[in-house]
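Descriptive analysis of the structure
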Amino acid sequence: MSDVTIAAPAAAREETPFRRFVSEFMASKIAVGGLVVFTIIALLAIFAPWIAPQNPYDLAQLDIMDGRLEPGAVGGSGIVHWLGTDDQGRDMLSGIIYGLRISLTVGVGSALIACLVGASLGLLAAYAGGRTDSVIMRLVDLQLSFPTILAALMILAFLGKGIMNVVIALVIVEWAYYARTVRGSALVERRREYIEAAQCLALPTSRILFRHLLPNCLPPLIVVGTIQIARAIALEATLSFLGLGVPITEPSLGLLIANGYEYMLSGKYWISFYPGIALLITIVSINLMGDHLRDVLNPRLKK
Amino acid sequence: MTTTLEVRNLRTHFFTRAGIVKAVDGVSFTVGRGKVMGLVGESGSGKTVTGFSIIGLVDPPGRVVEGEILYQGRNLATISEEEMRHLRGNRIAMIFQDPMMTLNPVLRVDTQMIETVLAHEKVSKEEARQRARDALGMVGIPSPDERLKSYPHQFSGGMRQRVAIAIALLHRPELIIADEPTTALDVTIQGQILAEVQKLAANTGTSLIWITHDLSVVAGLADDIAVMYAGRVVEDGPVSEVLDRPLHPYTHGLIGSVPSRNKRGEPLRQIPGMTPSLLKLPAGCAFRTRCPRADEACLADQPLRALLPGRQARCIHPHLDEVPA
Amino acid sequence: MTVYLLRRISQSFLVLVAMSMIVFIGVYAVGDPVEILISPDADQMERERAIQALGLDLPLWEQYGVFVWRALHGDLGRSFVYNEPALQLILQKMPATLELAFGSMFISVLIGLPLGMYAGLRPESPGSKMIMAGSILGFSLPTFWVGLMLIMVFAVQLGWLPSTGRGETAYFLGLQWSFLTANGLSHLIMPAINLALFKISLVIRLTRSGVRETMLMDYVKFARAKGLSPARVTFVHVFKNILIPVVTVVGLELGSTIAFSVVTESVFAWPGMGKLIIDSINVLDRPVIVAYLMIIVLMFITINLIVDLLYSALDPRVRLEGKA
């Protein structure tokens, strides 16, 4: 009975703001463009094995004789290499599509884990207050006062290369953004009457935290999350470029660019150029969505 | 009476996305030399925009679209920005409402005063400093030498307004536009500043346009008064006559809602309703939706008519018949 | 002021202690300390001796004490690769990195401030819209890839600028600098622009929003009402107010500029600390890694401290709060 009275208005409210949010988001052509481009990229990455002309990891399909072919050239196996090939005769288009897969997995995956960790700690800080709050927030301050690249470098220097290690490093450098965001909005929500009501009804703390407090912190969290995904993808690419990220057997876009570095000086630009363009399009499309989401979801700007 | 400033049919409109806001829509008045002109109205009545129009500081999307602002035979509405700039702060000065916001927080008071002197006169920096110090002394700031070296946040609100007044006085202007300069201050400070300004105006022959919503301030200070409502002057005349015998129902209501003018025990009168949005003004008389005397005749636009000697009002049913309140 | 200074310094000191613990735990607890601190070529006897000499048989807190004690004496271990004290190795590379970092900060302010002022003063003009679109791109472009493209265009295709290295250097204050020779300057220009890219966007956005906010302030209108020339209003009244946030942020960025120079130095083979640390990580020259981290942490804390003090010097309101 008590659950119903509290949950009912929340459920009634959920429907309309979401629709309004969708229509407001769709109002910006640029943001919708970003969404469309990102969806295409995501689909490419998911269905890579069916879309890519070649499996770039299958050494049997590679022919060293096809190495460093220019864009548009026809390889020995008869396929057209629209974006050229790398030094091992790997089709760049296929390499990029598979590379997107790794870049997106690492970027989105680390952002989601960081969000989970950060949001939980942020909620805890806001709800518990006192010493818990100040300990968590000191950690956040410390984390945010060092540039992400440096912290990630430090962690990878300790842990070594590998996809899992990159994800761990990205989570460690990113959680603080989520924690700060959630704590900020949770502190505002905490003082509202409905939380007090929930406390009076002696609902369990976890239920108050995740069913009542968290949904109201979602809008800023979505904005931060979107922008952090773009940052995670860029950071992963940078780390891989530096040779500290993903291993050579699973090349992300950053590693593809790094592989083309030495050939670029002899004018074979495409090995680095096209993966970079793919990376750029991915990051820009996410940032365009994020920029508009911030405008739509920020109640301060709405007024 | 020699005239310092004459405003004729001034219209300042704001071209916003929601529509054209006619903040000032046909305002006329005259300020005599050495006289204090009280410009009275509620917030949103266009009195501040009138002040900014005179000094040429209406920012886009706003623009003076029509009318004349005559000062020494020149029309300020049409002279070049450069000419206007030489008058601003020099012959015509302005004091703003919130003294906490008018002084630049990161510049010392001396910097802000000396630059004003140097903007209009080629004197040495030392002389400019001297002038700044004298001006501070004139508005009653103790130990001006020391205070010159301070930053604005080291002053209280009243002191800051005195500094702003000192800056306005630096070039002994012929006209000062004071936009509610005492509203943000304590009542006691308010009184001091009013007395100070009155004395200075009398001594230097400076004319004043005193913009306010507070009738009691105007009563003690102004010579003439113009009451504004929804971008128009609805009534003007000598201050004592207007206050004693208001002609326009709006002025009537305004005076009625000042507590001190009511007899003790009588219920406080008030004007019903709210100031209309300037985007959706009622046709004809803008006040008719709140006016107890309104009828069909008020649907037509009313001109400002001379009803008594020296008195004008924009009303078809003025309070002419009544015994002075 | 003194109280404020003391409080800030003690705060900084606490952060330094915390960070030294993190680095210590990272090296001594997460990794195998023997592997990290003793050359892999050492035989069993040498290892035993080294473990004793390094005090690795002591409990962790005592080891930390030793670590701090030696660090305080400037001993952060010897590089396996160069067989030189790690600290000395890094300090030798520092001028190159500082030169690059300051060069890029100079460029970012030089380009970002005027563009941001323009975009803030004329927000509706097509020029401003282009500037703002460019700044979004500046945030999105991956630095290392832009560096590669710069090399491709200006070094490989056009042949205008050299692609790698520092070029000729000249001595100044007993250190080698590239910016003092024409050849060195031509080497510096591309890496500095590359490193500045992100900060140019940042300065543009900061300046623009600062100008737009400040222009609405009463004190700007009052300054205009005083009859000041538009130039004086813009360059004294508006400019001085936006200078505070911009200086703060650019100053705070010095740290991250030095950190991000890791990427630029790798792309342009610029022989600074950043390239050294990447090389060291790749060959597991761990004493150098530890020394680099400790130095960069110290640098960071110092920069934050200086920026705070600068900030209080520029904004009189902050200064007074500290005094009270």
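Everything quoted here is computed from the prediction, not taken from an experiment. (Residues numbered from 1 in each chain as written. Chains lettered and ligands numbered in written order. Predicted model: local features only at pLDDT ≥ 70, side-chain atom pairs only at ≥ 80, totals over all residues.)

Some details on the nonpolar core
- I96, A152, L170 and Y178 of chain A together with M37, I209 and W210 of chain B are the most contacted members of the largest nonpolar core, which totals 248 residues.
- By residue number, the principal contributor to this core is helix 4 (residues 92-128) of chain A, which donates 17 residues.
- When we break this core down by domain, the ones giving at least three residues each are domain 1 (3-91 + 174-193 + 203-313) and domain 2 (103-170) of chain B.
- Residues in contact with I96 of chain A, not counting those within four places in the same chain, are L83, L253, L256, Y274, P275 and A278 of chain A. (Core = buried A, V, L, I, M, F, W, Y, C linked by C-beta atoms within 7 Å. Buried ≥ 20, exposed ≤ 12 C-beta atoms within 10 Å, placed from the backbone. Helix = DSSP H or I, 4+ residues; strand = E, 2+ residues; numbered from the N terminus. Domains from an automatic or database assignment. Contact = placed C-beta atoms within 7 Å.)

Topic: the interface of chain A and chain C
- In this complex, chain A contributes 30 residues to the contact, which on the side of chain C involves 32 residues.
- When contributions to the side of chain A that touches chain C are tallied by element, the ones reaching two or more residues are helix 6 (148-159), helix 9 (205-241), helix 10 (253-264) and helix 11 (270-297) of chain A.
- Sort the elements by how many residues they give to the side of chain A that touches chain C and helix 11 of chain A lands first, with seven residues.

Here we look at the sheet that holds strand 4 (residues 62-71) of chain B
- Across the sheet, four strands lie side by side as 2-1-4-5 (chain B); this open sheet has antiparallel pairing. Looking at strand neighbours, the two that pair on one side only are strand 2 (19-32) and strand 5 (74-75) of chain B, the edges of this open sheet. (Pairing = 2+ DSSP bridges.)

Structural notes on helix 4 of chain A
Residues and elements named next belong to chain A.
- Along its 37 residues, helix 4 runs 52 Å from first to last C-alpha, staying within 8% of the 54 Å computed at 1.5 Å per residue.
- Extensive coverage of helix 4 is indicated by the burial of 26 of its 37 residues.
- Remark: G129 follows helix 4 within two positions and exhibits a positive phi of approximately 65°. (Expected span 1.5 Å × (residues − 1).)

Section: the arrangement of the chains
- Here two pairs of chains make contact, and the pair sharing the most contacts is chains A and C.
- One finds no contact linking chain A with chain B; the least C-alpha distance across the pair is 15 Å.

Notes on the sheet that holds strand 6 (residues 92-95) of chain B
Residues and elements named next belong to chain B.
- Read from one edge of the open sheet, eight strands run 6-7-8-3-9-10-12-11, paired in mixed fashion. Looking at which strands have only one partner, the edges of the open sheet turn out to be strand 6 and strand 11 (305-308). With direction set aside, neighbouring strand axes in the sheet form an average angle of 20°. (Axes fitted to C-alpha atoms, helices over the stretch in contact; angles between N-to-C directions.)

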